[in-house]
Every structure is written in C-alpha cells, then in structure tokens.
Amino acid sequence: MTGPGRRIPVLVVLPPRALLLDLAGPMEVLRIAGAVQDRIAFDLRYAAPQGSTRSSIGLDLGGAGPLPSDIAPGTVVLLPGATEHPLGPERDQAAEAAAEAQIVAWLRTAIRPGHTVVTVCEGALLAARAGLLDGYACTTHHGSCARLAAVAPRANVLENRLFVQDHDRFSSAGVTAGIDLMLHLVAEWAGPATAVAVARTLVVYMRRGPDDPQLSPWLEGRSHLHPVVHRAQDAIAADPVRDWSPAMLGTLVGASPRNLARLFRLHAGMTVTEAVNRARIARAGDLIAQTDLGLEQVAERAGFASARHMRRVWAQFHATAPSMLRAKVPDPKGRALSRVQGGALMGSGKAR
C-alpha cells in the first residue's frame, strides 16, 4: 500500500465505568478499515479526566492523556457509554461523578463547529448534559431513551433505532450498535467496499431497521457471510459495466451457474441479474449526483444500452426519475442538499 491520502483525527473520551464493548467495537472497525485500504487513515488519541479509568469488566484502562484544551478542526470525538454495574472492587461514586462532570464541562467548551460528535449507548447522556444534542435527532440504549429525553428536552430522541445521523451528530443504541454506526461512517469516509471488508473480517452483519439511515446501494444484499457470493459481488461492484452473466461469474468464483444463482437467492436475497442491475443503478446514481453528464452518457458509463434502458431498470428500485437526483431539496438546518445527500441525512428516498 502507498501512504494514506487523508488522515482523520479521532479523539476517544473515556468516562468512568466505560463499557468496554462500546469502546473496543468501534475502534476495531477503524483499525481494520485502516489496514484494508490506504485512502484513509485514522489518528487515534484517548483522553480521560483521570489517569486510570475502571472499565465495565473491572479492567483498568491506562495510557489516556488528559482532556485537551483544544481540539483540531475535523476531529471525530467519540463518547462511549458506561455501566452502572461494573465488575471489580467497590466504586468511589463521588470521584466518578466528579469525573463525569469534568467531561461535561470540557465538552461544553471544547466542541466547536467542524467537530463530529459520535456517541455510543449512554455516551449520548454526556453529550446531552453538555447541550450538544439540543436541536438534533439522536438515540441511545432502549433502556435509557427516557433519561436522554429528560436530560435533553430540546433534542429529538428517537427510539427503536440502531443509530441516528443528524449532520455532525451521530448517536447509536446500545453496545454492539456502535459497530453498526462505525461501519456506516467508514462507508462514508472510505467507501462501501471498505465497510464490507471490515464487516466480513469482524464476522458481523450490516444491520438496518426500517427507520435507520438507509444502506448505500453498494451495500445492499451484503449482510451475509457466504464467501463465494461475496467474491461475486466484489467482482460486480469493481466493474458493474462488464457484461456479467451467471456463467462468467461462476467461472470467476468457482461455482456452477446454477449453484451460483441458488446461492445468490439464498444469501443475497436477489438474483445475479438483479445484483448487476443494482450495481449499475448505484453507479448511475453516483454519476448523476456528482457530475454534469447527460443521461445518455450516464447510461453508457453505468453499463446500460441506452438512457431509456436505464430509466426502465431505475424504476424497479426508485419511485422518482433519475433526473430528480439533481434537484435540490431544503435541509432542516439551512443547507442546500442534493436528494442523494438528503436521503442519507433525513432517511428519504429508500430503494424499493
């Protein structure tokens, strides 16, 4: 690999009784993402109000620096949750409360426009106490949504969500949902293929509920663990314009056309032809949203015989015409967004 093209600073703030999986899960996503590609790298730092932080499983976490007086622009600040029932010896609850208050006071002064705040589980409560969720949609562990609403009455607390994205505020539900959120962020930063590679390494599914931010079309049908189907999907995603067929893909991945077709239906929930069409539609959507090419040129570059052919396939997955991607939609916080961005931020425009 060559040197990374972009470095993203990440500051992880350790609260007392830090829930270890809230911390380790998202950080493993970043570690693996940095190892499987070289376009993006992550500069990780850890900070805490105390020199040693007792974790949820009774293990003391050392090596974190103090809460910094200044945070560089573009930094992602991660706030993992904590547990009220840690393993280990008796707690000094007064010292823990003081440490939490110190984090909240620091957040109030340190977080500025240009910083991205990511909370996992009850880390949202610390952000809420600092006023960082006022006016934003957010979520937390299902058992703590009422507490979050009480702490942040001006926030829009959403229940039954894996994670919520509202501009530069990202919040996830309990524990393992932090992995789902970080995979979503990796897909935005380093591309869907990297997110798929990380999920496969961790042996996790890329989950979504009906009201969660939609999956990138490049990731649809990838929530499985079958290596043959993944290899075929990787090949399609790498070259969606190619005239793929079950026979050609089967030769590439070592499966008969009939068996590959069966595996696609069983594990990806779609046919090989549908997988190819989805990849081409995703490619067309990217070209429409990111370039000024005419629809005939878009169709050609996405692998369709004509713009008419592209529109016919497009209608199988979208309720609106492809040209609508270039229309501007109002954003609740005053920005002008394309429909592609609006769908990601506001949950609209799901593929059908």
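Scoring rules and cut-offs
Residues numbered from 1 in each chain as written. Predicted model: local features only at pLDDT ≥ 70, side-chain atom pairs only at ≥ 80, totals over all residues. Heavy atoms only, no water. Pairing = 2+ DSSP bridges. Helix = DSSP H or I, 4+ residues; strand = E, 2+ residues; numbered from the N terminus. Buried < 20%, exposed > 50% of the residue type's maximum accessible area, 1.4 Å probe, protein only. Contact = heavy atoms within 4.5 Å. Axes fitted to C-alpha atoms, helices over the stretch in contact; angles between N-to-C directions. Left-handed = near helix turned anticlockwise from the far one by under 90°. Nonpolar A, V, L, I, M, F, W, Y, C, P; charged D, E, K, R; others polar. Phe/Tyr/Trp six-rings, centres within 6.5 Å; stacked < 30°, edge-to-face > 60°. Lys NZ or Arg CZ within 6 Å of the ring centre and 35° of its normal. Core = buried A, V, L, I, M, F, W, Y, C linked by side-chain atoms within 4.5 Å. pLDDT = per-residue confidence, 0-100. Right-handed = clockwise from strand over helix to strand, strands pointing away.

A.B. asks: Lay out the pairing of strand β1 (residues 6–13) in plain terms, naming residues and giving numbers.
C.D. replies: Of the strand pairs in this sheet, β1 and strand β2 (residues 40–47) are connected by eight bridges, and their pairing is parallel. In the strand pairing of β2, Arg6 is matched with Ile40. With three bridges connecting them, β1 and strand β5 (residues 76–79) associate as parallel partners. Note on β5: the bridge partner recorded for Val12 is Leu78.

A.B. asks: Now, about the environment of Gly303: what can you tell me, with residues and values included?
C.D. replies: Looking at the secondary structure, you find Gly303 in the loop between α11 (295–302) and α12 (307–314). A residue is classified by how much of its surface remains accessible, and Gly303, at 18% relative accessible area, is buried. Gly303 sits 64 residues away from Asp239 along the chain, and the two C-alpha atoms are 9.3 Å apart. For Gly303, the residues in contact, after removing those within four places along its chain, are Val241 and Arg280.

A.B. asks: Got a sec to walk through the packing of helix α7 (residues 227–238) against helix α8 (residues 246–253)? Specific residues and values, please.
C.D. replies: Look at α7 against α8: their axes get within 10 Å of each other, and the N-to-C directions meet at 115 degrees. Note on packing geometry: the crossing formed by α7 with α8 is right-handed. On α8, the residues that touch Val228, Arg231, Ala232, Ala235 and Ile236 of α7 are Leu249, Leu252 and Val253. Counted by class, the contact of α7 with α8 contains seven nonpolar, no polar and one charged residues.

A.B. asks: Quick rundown of the packing of aromatic side chains? Include the residues and the values.
C.D. replies: Going through the model one piece at a time under the given rule, you end up with one aromatic pair. Ring centres of Phe42 and Trp189 lie 5.8 Å apart, and the angle between their planes is 55 degrees; this geometry places the pair in the tilted category. Here the residue Phe42 occupies a position in strand β2, and Trp189 occupies one in helix α5 (residues 177–190), the gap between them amounting to 147 residues. Look at Trp189 and you get buried, because its relative accessible area is 17%. The ring of Tyr136 has Arg169 sitting right over it, with the charged end atom 4.8 Å from the ring centre.

A.B. asks: Can you break down the nonpolar core residue by residue, with the values?
C.D. replies: Grouped together as the largest cluster of nonpolar side chains are 40 residues, with contacts concentrated most on Leu30, Phe42, Met182 and Trp189. Those elements giving two or more residues to this core turn out to be β1, α1 (20–36), β2, β5, β6 (116–120), α5 and α6 (192–202). Among the elements that take part in this core, α5 stands out by supplying ten residues, more than any other. Setting aside chain neighbours within four positions, we find Leu30 in contact with Val10, Phe42, Leu44, Met182, Val186 and Trp189. Judged by nonpolar contacts, the second largest core, of 28 residues, contains Val13, Ala47, Val117 and Ala128.

A.B. asks: How would you summarise the confidence of the model for the chain if you had to cite specific residues and measurements?
C.D. replies: Per-residue confidence for the chain gives a mean pLDDT of 87, with 89% of residues at or over 70. Confidence drops under a pLDDT of 50 for residues 328–352, and excluding neighbours within four residues, the segment shows 53 contacts in the predicted structure.

A.B. asks: Give a detailed account of the sheet that holds β5, specifying residues and quantitative values.
C.D. replies: Across a sheet, paired strands are connected by hydrogen bonds in the backbone, their directions being either parallel or antiparallel. Strand order across the open sheet formed by six strands is β2-β1-β5-β6-β10-β9, with mixed pairing between neighbours. Looking along the sheet, the strands with just one partner apiece sit at the ends: β2 and β9 (163–166). Within this sheet the neighbouring strands show an average axis-to-axis angle of 15 degrees, counted without direction. Sheet topology places β9 next to strand β10 (residues 169–172); four bridges connect them, and they run antiparallel. The partner of Phe163 across the bridge, within β10, is Ser172.

A.B. asks: With reference to specific residues and values, describe the pairing of β6.
C.D. replies: For β6, a buried count of five out of five residues is recorded, marking the element as mostly surrounded by other parts of the structure. Burial along β6 is two-sided: Thr116, Val118 and Val120 facing one way and Val117 and Thr119 facing the other are all buried. Pairing geometry for β5 and β6, over four bridges, is parallel. Following the sheet pairing, Val76 is matched in β6 by Thr116. In this region the chain leaves β5, passes through helix α2 (residues 93–110) and returns to the parallel neighbour β6; the handedness of that crossover is right-handed. As paired strands, β6 and β10 are joined by four bridges and run parallel to one another. Among the inter-strand pairings, Val120 is bridged to a residue of β10, identified as Ser172.

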